[in-house]
Amino acid sequence: MADTQKFFLTITQRIFSNWTALKLAVEHGMCSKDNAVEFCTYVTDVLYLNDGLDVSKVAAILEDYMDDCFSTEIEDDSAREVADILLQFYRYCIEGNESTARTEFEKLPPLQSWLLLPQPVQHSHVTTNYDNKSSSDEDMDSNNENTNEEGWMTVKSGRRRR
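Analysis parameters
Residues numbered from 1 in each chain as written. Predicted model: local features only at pLDDT ≥ 70, side-chain atom pairs only at ≥ 80, totals over all residues. Heavy atoms only, no water. Helix = DSSP H or I, 4+ residues; strand = E, 2+ residues; numbered from the N terminus. Expected span 1.5 Å × (residues − 1). Buried < 20%, exposed > 50% of the residue type's maximum accessible area, 1.4 Å probe, protein only. Arc of directions from axis to C-beta. Contact = heavy atoms within 4.5 Å. Salt bridge = Lys/Arg side-chain N within 4 Å of Asp/Glu carboxyl O.

A. Quick peek at helix H4 (residues 55-70). For H4, built from 16 residues, the straight-helix expectation of 22 Å at 1.5 Å per residue is met to within 8% by its first-to-last C-alpha distance of 21 Å. The set of residues buried in H4 consists of Val55, Val58, Ala59, Leu62, Tyr65, Met66 and Phe70. An end-on view of H4 places all buried positions within 125° of arc, on one side of the element. Residues of H4 that are buried in the fold lie against helix H1 (4-17), helix H2 (20-27), helix H3 (33-49) and helix H5 (78-94). One or two residues past the end of H4 sits serine 71, with phi positive at roughly 50°.

B. Local environment of the pattern of salt bridges. A complete count under the given rule lists three salt bridges for this structure. A salt bridge links glutamate 27 to lysine 23, with the nearest nitrogen and oxygen atoms 3.7 Å apart. With a gap of four residues between them, glutamate 27 and lysine 23 both fall in helix H2, about one helical turn apart. A residue is classified by how much of its surface remains accessible, and lysine 23, at 32% relative accessible area, is partly exposed.

Laid out in structure tokens, this is it:
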């Protein structure tokens, strides 16, 4: 695999999006969605920067992070289960076992939408000088019911509906 760490981050995101403890922490305001996304990056970096981590060490890292950053104590065995799955995929990645990693990745539950960050909307920049309107512009604004008090107006598509 050319960039295993990037691929492993997508694995971590998919696993974390299906981790109930993390989802509940976000839903109950213990952390933001941004913090949960950052947690994925943090765990990926920890695994790639430290040799010899085992399931109990990774589970402790997950539990500590959840407690320290999200004020959430993990009382079930889910941190250990998540750690086990993460380490399994980490081994596939560092050993270069791409086909197994991709096959097992497809078996994971799908990425849940609660963990997705909204994509930035691309806007075209239009500059309008409202102070220097011509009388025809003012007439057009007064005839347009969609202009609000601040001078913003709703622009509809030029296509006609049939």
